[in-house]
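So you can see what is in the structure, the chains are spelled out below.
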Amino acid sequence: MHELGITRNIVAIVSEAAGGRPVRRVTLEVGKLSGVMAGAIAFCFDAVAKGTPLEGATLEICEIEGRGRCSACGTEFAMPAIYTPCPCGARGSVRLEGEELKVKTMELEIA
Ligand SMILES: [Zn+2]
């Protein structure tokens, strides 16, 4: 499963940033057009975090709605899927939001 590798990467990045201190909470931004299932990350997280500084941490996932700008008319519109056309009918568009996959914040345990 694709999301298992992603979750391992996230845990590795956050562990390193925490410098070995226990992490209490992690917030991720996951775009709805990123192709990553937020639910699958949440599902893997506890198992992947076990034995790392993230063990027992709360995972919060903010899902970012897709938005694009039409290359034909310049309108910005909601893109629930990657190939959603502009309301004007044109299919060429630039994606503005919705492809994010990043660690937004992390909270360390205060000893
Ligand atoms: Zn358009």
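Shown above is the structure to which this text applies.
Bear in mind the structure is a predicted one, so any value in this text is a computation, not a measurement.

1. Description of the overall build of the protein chain
Then step 1. If you tally the helices and strands in the protein chain, you get two helices and six strands.
Then step 2. Helices and strands in the protein chain line up, N terminus first, as α-β-α-β-β-β-β-β.
Then step 3. In terms of overall dimensions, the protein chain is more spread out than a globule: its C-alpha atoms have a radius of gyration of 17 Å, far above the 13 Å expected for 111 residues.
Then step 4. The principal-axis extents of the C-alpha atoms in the protein chain amount to approximately 55 × 30 × 15 Å.

2. Overview of helix 1 (residues 2-18)
Then step 1. Helix length check: helix 1 (17 residues) gives 25 Å between terminal C-alpha atoms against 24 Å at 1.5 Å per residue, within 8%.
Then step 2. Of the residues making up helix 1, those classed as buried are Glu3, Ile6, Thr7, Ile10, Val11, Val14, Ser15 and Ala18.
Then step 3. In this fold, the buried residues of helix 1 make contact with strand 1 (23-31), helix 2 (38-49) and strand 6 (101-108).
Then step 4. Directly beyond the C-terminal end of helix 1, a positive phi value near 60 degrees is found at Gly19.

3. Observations concerning the sheet that holds strand 1
Then step 1. One open sheet accounts for three strands, arranged 2-1-6; its pairing is mixed. Strand pairing shows two members of the sheet lacking a second neighbour, strand 2 (58-64) and strand 6, which therefore form its edges. Averaged over all pairs of adjacent strands, the angle between their axes in this sheet comes to 15 degrees, without regard to strand direction.
Then step 2. Relative to strand 2, strand 1 runs parallel, the two being bridged by seven bridges. Bridge pairing links Val30 to Glu63 in strand 2.
Then step 3. On top of the sheet, helix 1 reaches strand 1 and strand 6; it is set at about 40 degrees to strand 6, its chief contact.
Then step 4. Sheet strands in contact with helix 2 are strand 1, strand 2 and strand 6, and its direction is about 170 degrees off that of strand 2.

4. Some points on the pairing of strand 3 (residues 67-70)
In the case of a regular strand, side chains alternate between the two sheet surfaces.
Then step 1. Here strand 3 shows a buried face lined by Gly68 and Cys70 and an unburied face lined by Arg67 and Arg69.
Then step 2. Bridging between strand 3 and strand 4 (residues 76-78) involves three bridges; their strand directions are antiparallel. Considered in strand 4, the bridge of Arg67 is made with Ala78.
Then step 3. Pairing of strand 3 with strand 5 (residues 93-97), which is carried by four bridges, proceeds in the antiparallel orientation. Residue Gly68 lies in a different strand from strand 5, and its bridge partner there is Arg95.

5. Focus on helix 2
Given 3.6 residues to a turn, an α-helix orients residues that are three or four positions apart in the same direction.
Then step 1. Taking 1.5 Å per residue as the helical rise, helix 2 with its twelve residues ought to reach 16 Å, and the 16 Å between its terminal C-alpha atoms agrees with that figure.
Then step 2. Looking at helix 2, one finds that the buried residues are Ala38, Ala40, Ile41, Cys44, Phe45, Val48 and Ala49. In a view along the axis of helix 2, the buried residues occupy a sector of 145 degrees, so they form one face of it. Exposed and oriented more than 90 degrees from the buried face of helix 2 are Gly39, Phe43, Asp46 and Ala47.
Then step 3. Residues of helix 2 that are buried in the fold lie against helix 1, strand 1, strand 2 and strand 6.

Conventions used here
- Residues numbered from 1 in each chain as written.
- Predicted model: local features only at pLDDT ≥ 70, side-chain atom pairs only at ≥ 80, totals over all residues.
- Heavy atoms only, no water.
- Helix = DSSP H or I, 4+ residues; strand = E, 2+ residues; numbered from the N terminus.
- Rg over C-alpha atoms; globule rule 2.2 N^0.38 Å.
- Expected span 1.5 Å × (residues − 1).
- Buried < 20%, exposed > 50% of the residue type's maximum accessible area, 1.4 Å probe, protein only.
- Contact = heavy atoms within 4.5 Å.
- Pairing = 2+ DSSP bridges.
- Axes fitted to C-alpha atoms, helices over the stretch in contact; angles between N-to-C directions.
- Arc of directions from axis to C-beta.

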